[in-house]
Amino acid sequence: MNIKELQGSDIRVRFCPSPTGNPHVGMIRTALFNWAFARHVGGTFVFRIEDTDAARDSQESYQALLDALSWLGLDWDEGPEVGGEYGPYRQSERGDIYARVMSQLTEAGYTYPCYCSAEELDARREIAMKEKRTPGYDGQCRNLSQAEVDAYEADGRSAVIRFRMPGSDFTWNDLVRGELTFKAEHVPDFVLVRANGDPLYTLVNPVDDALMKITHVLRGEDLLSSTPRQLALFAALEDVGVASYTPLYGHLPYVMGEGNKKLSKRDPGSALSMYQEEGYLPQALLNYLALLGWSMGNDVEFFSPQEMATAFTLERVNPNPARFDLKKCTAINGDWIRHISQQELIGHVIPFLENAGVVTSPPTPEQLETLNLAVPLIQERLDKLSAAPELISFLFKDVVAIDPALWSEGALEVLIESETVLAGIESWSHDSIQSLLKATLVEGLGIKPKFAFGPIRTAITGHKISPPLFESMEILGKEICLDRLSAAIETLK
RNA sequence: GUCCCCAUCGUCUAGUGGCCUAGGACGCUGCCCUUUCACGGCGGUAACGCGGGUUCGAACCCCGCUGGGGAUACCA
């Protein structure tokens, strides 16, 4: 197959994180772009777990990765849980494959053992830098004789396995940056297998891309400088029959955090779990992340993952780094909260109310009925789901606690008057409540709306800010409202 | 040090030689709407890093500089 003449359905991309720590939004951005690209062209999205670093990988992180993609709706066609014809999809289960490939590579002369110790390497690197030479590995063990190998072994030394670079320059046409070239002398022989026999990323990543028939590698800019090595390895892999072609590479821009640094765990907003806890909608997070390095080009910034996939092309990916802006992300989340249906929003908000103890788990039929009435009132007031409990908890309590500092001048008079007229009201609807109160307080007593309704709001909701007052009173019902008014009057007397 | 990447409002971006006295969004901000808070509407603020070319014409092409980032691992 000629890599340049692929049909859409031939295209295979992958997302291959290491399960170290919590999922990170920069990583999710990479997953999103790969997913969108695959979906746009009708190709295959492969999910692979690169757990070759036993010291740092964990089962919890592995599970977190699965949960993250599932929550976000970034469905994968091959990978953990779903399988596929190129599995297993966890590198920790592919040890025999790497061993087999290594022996093929070794047999063909592409590798050699290197006995240099870390100390020796450091010392030589320092000298190279002093002499303004390229500081990478200098090829010391490239052509060891059998006698020298035996001597090292007799000495008790263990060897890493290095890849023998071909000595040619490397040029590729980066999918997002255009033609890129590295001179041969700047990409030294690199380590494929640790002295203890563990294969390294430098080996397993290209090997799995080859075996899994990956056609397009879209990854972070941080991996740009390792591309020449992978190109060299791929040539060797093709030679020994492991790879049938070398994939095309595209390097996505960094996602930056505070202070011109790559977004790190320290940055607020870097952990995916925060978005779940604070109540961001998955499509909103994805919508924002899409804007970090890609745009539709028509000033449209509000779109669903599906709409993104429909419009996604590599030509529109921007090469320059983007700073993560939580404020804008939150604004888009607010847009999404307003955009979904009331029923959807109720479903999203319930877990937050349960957690806060505002409603029972699961909510009672009465609570659900209240929610049906209350959620429309707060839909345009929410930028995160986590803000909901505080906004409507007063609708689910028997009494509300009131901070005395909230009472304004003249509150008592307003409350007494309100209680009196409301006690005699005929229909308890927000319209009639409003017109009665307006006629009595504003027009009758000449009190400004702010001072007329402010105290009532405080008495009813316990807060200075709340959902619309009269609608809230309607939901609460006449009895509770009158109770709260008289309770407030008692404390103020 | 060496190599590589990047360069438009504070931030994300549109812009691929004339449509640009540079457009949109977030932020900030003024006004309107208004029972609070929001939402919404109408405005405002604010950018092509610098210097050379190429061209009738450059944000757009080329070179240099500067600035920022990354790599230079038995991490990924």
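Note on numbering: residues in each chain are counted from 1, in written sequence order. Lettering for chains starts from A, numbering for ligands starts from 1, and both go in the order in which the items are written. This being a predicted model, a pLDDT of at least 70 is required before a residue's local features are given, and a value of 80 or more before pairs of side-chain atoms are given or counted; all residues contribute to the totals for chains, interfaces and linings. To get the side-chain values, take all heavy atoms of the structure and skip hydrogens and water.

**Some remarks on the pattern of salt bridges**
Heads up, the condition is: Salt bridges are defined by distance alone: a side-chain nitrogen of Lys or Arg within 4 Å of a carboxyl oxygen of Asp or Glu. Under the DSSP-based scheme used, a helix requires at least four consecutive residues in state H or I and a strand at least two consecutive residues in state E, with every element numbered from the N terminus. Accessibility here uses a 1.4 Å probe with only protein chains present; expressed as a share of the type maximum, an area under 20% marks a residue as buried, one over 50% as exposed, and anything in between as partly exposed.
The final tally for this structure, using the stated rule, is 19 salt bridges. Here Asp208 makes a salt bridge to Arg94, at a shortest N to O gap of 2.8 Å. Taken together, the residues Asp208 in helix α6 (residues 201–211) and Arg94 in the loop between α2 (59–72) and α3 (95–107) connect sequence positions 114 residues apart. Note that Asp222 is salt-bridged to Lys262, the shortest N-O span being 3.8 Å. Of this pair, Asp222 sits in the loop between β8 (216–220) and α7 (227–239) while Lys262 sits in the loop between β10 (255–256) and α8 (272–278), and the two are 40 residues apart along the sequence. Given the relative accessible area of 38%, Asp222 is considered partly exposed. It is possible to trace a salt-bridge network through shared partners that takes in Arg14, Arg48, Glu50, Arg94, Asp208 and Asp209.

**Some details on the pairing of β8**
This is how it is decided: Pairing between two strands is assigned when DSSP locates at least 2 bridges connecting them. Crossover handedness is defined by viewing with both strands directed away from the observer: a clockwise path from the first strand over the helix to the second marks the crossover as right-handed.
Most of β8 sits inside the fold, with 5 of its 5 residues counted as buried. Note: β8 against strand β9 (residues 248–252), 5 bridges, orientation parallel. Each bridged residue has a counterpart across the sheet, and for Arg219 the counterpart in β9 is His251. In this fold, β8 hands off to α7, which returns the chain to β9; that crossover is right-handed.

**Quick word on the packing of aromatic side chains**
Under the convention used in this document: Pairing of aromatic side chains here covers Phe, Tyr and the six-membered ring of Trp, requires ring centres within 6.5 Å, and sorts the geometry by plane angle: under 30 degrees stacked, over 60 edge-to-face, intermediate tilted.
Taken as a whole and judged by the stated rule, the model has 14 aromatic pairs. Aromatic pair Phe47 and Trp76: ring centres 4.8 Å apart, planes at 70 degrees, arrangement edge-to-face. Placement of the pair is Phe47 in strand β2 (residues 44–47) and Trp76 in the loop between α2 and α3, with a sequence separation of 29 residues. Judged on exposure class, the residue Phe47 and its partner Trp76 are both buried. Between the aromatic rings of Tyr275 and Phe324, the centroid separation amounts to 6.5 Å while the plane-to-plane angle is 75 degrees, which identifies the pairing as edge-to-face. Here Tyr275 is found in helix α8, whereas its partner Phe324 is found in the loop between β11 (322–323) and α11 (326–339), with 49 residues between them in sequence.

**Comments concerning the confidence of the model for chain A**
As a reminder, the rule being used: Across the chain, each position has a pLDDT score giving the predictor's confidence in that residue, from 0 to 100.
When the pLDDT values of chain A are averaged, the result is 92; 100% of them are 70 or greater. Reported confidences for the modelled complex are a pTM of 0.94 and an ipTM of 0.95.

**Side note on the sheet that holds strand β4 (residues 160–163)**
For the record, the criterion: Fitted lines through C-alpha atoms give the axes, limited to the stretch in contact for helices. The angle between two N-to-C directions lies from 0 to 180 degrees. For this analysis, residues touch if any pair of their heavy atoms sits within 4.5 Å.
The strand order β3-β4-β7 describes an open sheet built from 3 strands, whose pairing is antiparallel. In this open sheet, the two edge strands, each paired with only one partner strand, are β3 (111–114) and β7 (191–193). Across this sheet, the average inter-strand angle for adjacent strands is 45 degrees, counted without regard to direction. Here β3 runs beside β4; their pairing, made up of 4 bridges, is antiparallel. Across the sheet, residue Tyr112 finds its bridge partner in β4, namely Arg162. Set on the sheet, α3 makes contact with β3, β4 and β7; between it and β3 the angle comes to about 100 degrees.

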